[in-house]
Amino acid sequence: MKVHDFVENLKQLNGSFFTGVPDSQLGPLCNYLMKTYGIGDNHIIGANEGNCVALAAGYYLATGRVPVVYLQNSGLGNITNPVASLLHKKIYGIPCIFVIGWRGEPGVKDEPQHLFQGEVTIPFLELLGISAVIVDKDTKEEQLQKKVSEQKQL
């Protein structure tokens, strides 16, 4: 899927604000956001992933629009507190779309230091109550829309 199409799909989910920590696996997305929005009202690069989640929560509370946070899976530990104390449905139920670069994805060759983090990524997201839709370069727009629709029904 082309980055432009991916971002347009996020916009259809009401995602118009992007914040995150740049990641090499998400390089095309990061480059697109910088080229399209720069740094400003629609895009902020955060100091760490937890800060980005806090910015996203504030954005939602101020606008009612769903924010998008991008990060590498190694940053999942940094989002634990703001997700558990702000976003989670048992607290304030703030919606947020996470776009996560998956280093150490099972079955994909990667460096040894990424393997365990990759192995626990999906279970960790489930533990936090974050449902996952896996998108790769071969995902077609129709497939993404179907996957997202299925997740919304859960």
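Anything mentioned here points back to the structure above.
Let us look at the structure shown here. Because the structure is a prediction, the values reported are computed rather than measured.

## Description of the overall build of the chain
Along its length, the chain carries six helices and four strands. For the chain, the α and β elements follow one another from N to C terminus as α-β-α-β-α-β-α-β-α-α. For a compact globule of 154 residues, the expected C-alpha radius of gyration is about 15 Å, and the chain comes in at 15 Å, within 12% of that figure. Over its C-alpha atoms, taken along the principal directions, the chain stretches across nearly 40 × 35 × 35 Å. Residue pairs in contact within the chain that sit at least 24 positions apart in sequence constitute 70% of those at least 6 positions apart.

## Description of the sheet that holds strand S2 (residues 43–45)
One open sheet holds the four strands; their spatial order is S2-S1-S3-S4, and the pairing between them is parallel. Either end of the sheet is taken by a strand with one partner, and the two such strands are S2 and strand S4 (97–101). Averaged over all pairs of adjacent strands, the angle between strand axes in this sheet comes to 20°, irrespective of strand direction. Direction of pairing for strand S3 (residues 66–72) relative to S4: parallel, over a ladder of five bridges.

## Points about the packing of helix H3 (residues 49–63) against helix H4 (residues 76–87)
Between H3 and H4, the shortest axis-to-axis distance is 7 Å and the interhelical angle comes to 25°. The angle between H3 and H4 places the two elements in the roughly parallel class. Of the residues in H4, those in contact with Glu-49, Gly-50, Val-53 and Ala-57 of H3 are Asn-78, Ile-79, Pro-82, Val-83, Leu-86 and Leu-87. Classifying every residue of the contact of H3 with H4 by side-chain character gives seven nonpolar, two polar and one charged.

## Quick notes on the side chain of Asn-73
Along the chain, Asn-73 falls in the loop between S3 and H4. Non-local contacts of Asn-73, meaning those with residues more than four positions away in its chain, are made with Ile-100, Gly-101, Trp-102, Arg-103, Gln-117, Gly-118 and Thr-121.

## As for H3
Across its 15 residues, H3 extends 21 Å between first and last C-alpha, which sits within 8% of the 21 Å expected from 1.5 Å per residue. Of all the residues in H3, the buried ones are Glu-49, Gly-50, Cys-52, Val-53, Ala-56, Ala-57 and Tyr-59. Contact partners of the buried residues in H3: strand S1 (15–20), S3, H4 and S4. Capping the start of H3 is the job of one residue whose side-chain oxygen sits 2.9 Å from the backbone nitrogen of Gly-50: Asn-48.

## Topic: the state of the cysteines
According to the stated counting rule, one finds zero disulfides in the structure shown. Take Cys-30: it sits in no disulfide, and the sulfur closest to it among the cysteines is that of Cys-52, at 10 Å. Classification of Cys-30 as buried rests on a relative accessible area of 9%. Cys-52 takes part in no disulfide bond, and the closest cysteine sulfur to it belongs to Cys-96, at a distance of 9.7 Å.

Criteria and cut-off values
- Residues numbered from 1 in each chain as written.
- Predicted model: local features only at pLDDT ≥ 70, side-chain atom pairs only at ≥ 80, totals over all residues.
- Heavy atoms only, no water.
- Helix = DSSP H or I, 4+ residues; strand = E, 2+ residues; numbered from the N terminus.
- Rg over C-alpha atoms; globule rule 2.2 N^0.38 Å.
- Contact = heavy atoms within 4.5 Å.
- Pairing = 2+ DSSP bridges.
- Axes fitted to C-alpha atoms, helices over the stretch in contact; angles between N-to-C directions.
- Parallel < 35°, antiparallel > 145°, perpendicular 65-115°, else oblique.
- Nonpolar A, V, L, I, M, F, W, Y, C, P; charged D, E, K, R; others polar.
- Expected span 1.5 Å × (residues − 1).
- Buried < 20%, exposed > 50% of the residue type's maximum accessible area, 1.4 Å probe, protein only.
- Polar contact = N/O pair within 3.5 Å; in protein donor to acceptor, adjacent residues only side chain to side chain.
- Disulfide = S-S within 2.5 Å.

Remember, this is a structural readout, not a statement about activity or role.
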